[in-house]
Amino acid sequence: MRLDKFLSQQLGISRSLVTRELRAGKVTVDDEIVKSGALQISPEQSVAYEGSVLVHVTGPRYFMLHKPEGYVCSTDDPTHPTILYFIDEPLADKLHSAGRLDIDTTGLVLLTDDGQWSHRITSPKHHCEKTYRVELEHDIADDVAQRFAEGVMLNGEKYPTKPAQLEIITPKEVLLTISEGRYHQVKRMFAAVGNHVCGLHRERIGDIWLDAELAPGEYRVLTEDEINSVTVPR
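Per an unreviewed UniProt entry, the chain goes by the name Pseudouridine synthase and belongs to Providencia stuartii. UniProt, in its Function (unreviewed entry) section for the chain, records the words "Responsible for synthesis of pseudouridine from uracil-516 in 16S ribosomal RNA." UniProt, in its Catalytic activity (unreviewed entry) section for the chain, records the words "uridine(516) in 16S rRNA = pseudouridine(516) in 16S rRNA".

Right, here's the structure in full:
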């Protein structure tokens with residue numbers, strides 16, 4: 001990779017500003033000052049800016065985060081804190097969430113810089129299942145599981161939801177598995193059957209379950225099996 005491109009990515013500045021910093025002698029490669037952005041560098045070389053070594057990022061990255069309440073799943077938001085607050089990785093701003101959660105929803109978020117991988121999760125044609133733990137305001141009605149299995153009409157929609165699986169844990173706590181990603185879908189599904197969601201927590205995306213060892217705000221790298229569960233067709 002060209003040095004100026006690497007610096008632009010690492011520092012988040014334009015190529016023209018990179019050129020200025022290079023001419024000012026602020027960049028070293030293997031402890032030698034370099035002023036030409038055309039230099040080709042390899043991951044084995046040590047590049048430093050004003051004495052701070054910059055970390056090479058090679059290959060796509062995949063993480064799971066236990067999202068707490070009060071954070072949005074975007075890389076930049078002028079009003080609310082984002083989930084990137086918790087991600088202590090080089091070029092964290094290059095990561096994106098593969099399926100967002102609302103600000104008041106907690107649980108599993110997958111982050112990556114691999115667009116094709118995340119597309120397999122978010123694209124409607126792949127029907128990727130997600131499981132949510134739902135806390136309800138009222139006791140669940142006896143017919144809701146059957147109604148969800150058949151599909152329900154949401155307010156403002158032209159077509160009913162795809163069949164969804166409901167598992168009742170207690171009268172006011174259930175697990176709901178859906179294979180779509182409509183706007184506020186879980187909350188709207190329960191509103192359609194006369195109930196109200198008080199708490200929402202995502203536990204699963206596809207074959208990837210939220211790691212029980214992760215406290216809210218903690219994250220870890222996905223395992224190879226977890227990554228491949230998305231990339232390998234079933």
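Undergrad: Kindly report on the layout of surface pockets, identifying the contributing residues and their values.
TA: Volume-wise, the largest pocket comes out at about 520 Å³. Lining the largest pocket are 26 residues, and of these Arg100, Tyr132, Glu180, Gly181 and Arg182 sit closest to its centre. Among the elements that make up the lining of the largest pocket, the one with the highest residue count is helix H5 (residues 185–192) (three residues).

Undergrad: Can you lay out the nonpolar core for me, pointing to particular residues and giving the numbers?
TA: With 32 residues, the main nonpolar core has Val134, Phe148, Leu166, Leu176, Val186, Met189 and Phe190 as its most contacted residues. Broken down by secondary-structure element, the contributors of at least two residues to this core are strand S5 (62–67), strand S7 (106–112), strand S8 (130–136), helix H4 (144–150), strand S10 (173–178), H5 and strand S11 (197–205). When neighbours within four sequence positions are excluded, Leu176 is seen to be in contact with Lys130, Thr131, Tyr132, Val134, Phe148, Ala164, Gln165, Leu166, Val186, Met189 and Phe190.

Undergrad: I'd like to hear about the pairing of S8, residue by residue, with values.
TA: Burial analysis of S8 places five of its seven residues in the buried class, the great majority of the element. Relative to S10, S8 runs antiparallel, the two sharing six bridges. Residue pairing in the sheet places Glu135 in a bridge with Glu173 of S10. One ladder, built from seven bridges, connects S8 with S11; its direction is antiparallel. Its bridge partner being in S11, Leu136 is matched across the sheet by Val197.

Undergrad: Give a description of the UniProt feature "domain: RNA-binding S4" (unreviewed entry) in the chain that names residues and reports values.
TA: UniProt records the feature "domain: RNA-binding S4" (unreviewed entry) for residues 1–63 in the present numbering. End C-alpha to end C-alpha, residues 1–63 measures 25 Å, and it is 29% helix and 21% strand.

Undergrad: I'd like a rundown of the side chain of Gln185, residues and numbers included.
TA: For Gln185, the location among the structural elements is in helix H5. A residue is classified by how much of its surface remains accessible, and Gln185, at 3% relative accessible area, is buried. Residues within four places of Gln185 in sequence aside, it is in contact with Leu154, Thr161, Ile178 and Glu180.

Undergrad: Please set out the environment of Gln146 residue by residue, giving values where relevant.
TA: Along the chain, the position of Gln146 falls in helix H4. Judged by relative accessible area, Gln146 falls into the partly exposed class, the value being 48%. Taking C-alpha positions, Gln146 is 8.4 Å from Leu166, a pair spaced 20 residues apart along the chain.

Undergrad: Describe the packing of aromatic side chains, listing the residues and the values that go with them.
TA: In this structure the tally under the stated criterion is six aromatic pairs. Taken together, a centroid distance of 5.2 Å and an interplanar angle of 80 degrees make the contact between Phe148 and Phe190 edge-to-face. Highlighted residues: Phe148 in helix H4 and Phe190 in helix H5, separated in sequence by 42 residues. Site record: aromatic cluster; members linked through ring pairs are Tyr71, Tyr85 and Phe86.

Undergrad: Before we move on, could you go through helix H2 (residues 15–23) and cite the residues and values that matter?
TA: Of the residues making up H2, those classed as buried are Val18, Glu21 and Leu22. The arc that holds the buried residues of H2, viewed along the axis, is 100 degrees, so those residues lie on one side. Exposed residues on H2 whose side chains face more than 90 degrees from its buried face are Ser16, Arg20 and Arg23. Check the buried side of H2 and you find it contacts helix H1 (3–11), strand S1 (27–29) and strand S3 (47–49).

Undergrad: Give a detailed account of the pairing of S7, specifying residues and quantitative values.
TA: Within a regular strand, side chains alternate between the sheet's two faces. Among the seven residues that make up S7, seven are buried, leaving the element largely enclosed by the rest of the structure. Where S5 and S7 come together, six bridges link them in antiparallel fashion. Bridge assignment links Met64 to a residue of S7, and that residue is Leu110. Of the strand pairs in this sheet, strand S6 (residues 96–97) and S7 are connected by two bridges, and their pairing is antiparallel. Across the sheet, the residue bridging to Ser97 is Leu111, located in S7. Inspection of the sheet shows S7 paired to S11 by two bridges, in the parallel sense. Across the sheet, Thr106 pairs through a bridge with His201, a residue of S11.

The rules we used
- Residues numbered from 1 in each chain as written.
- Predicted model: local features only at pLDDT ≥ 70, side-chain atom pairs only at ≥ 80, totals over all residues.
- Heavy atoms only, no water.
- UniProt positions renumbered as here; feature names shortened; annotations may be inferred.
- 1 Å grid on protein atoms, 1.4 Å probe; cavity = no way out; pocket = protein on both sides within 12 Å on 5 of 7 lines; lining within 4 Å.
- Points joined across faces, edges and corners; volume = space filled by probe spheres on them.
- Helix = DSSP H or I, 4+ residues; strand = E, 2+ residues; numbered from the N terminus.
- Core = buried A, V, L, I, M, F, W, Y, C linked by side-chain atoms within 4.5 Å.
- Buried < 20%, exposed > 50% of the residue type's maximum accessible area, 1.4 Å probe, protein only.
- Contact = heavy atoms within 4.5 Å.
- Pairing = 2+ DSSP bridges.
- Phe/Tyr/Trp six-rings, centres within 6.5 Å; stacked < 30°, edge-to-face > 60°.
- Arc of directions from axis to C-beta.

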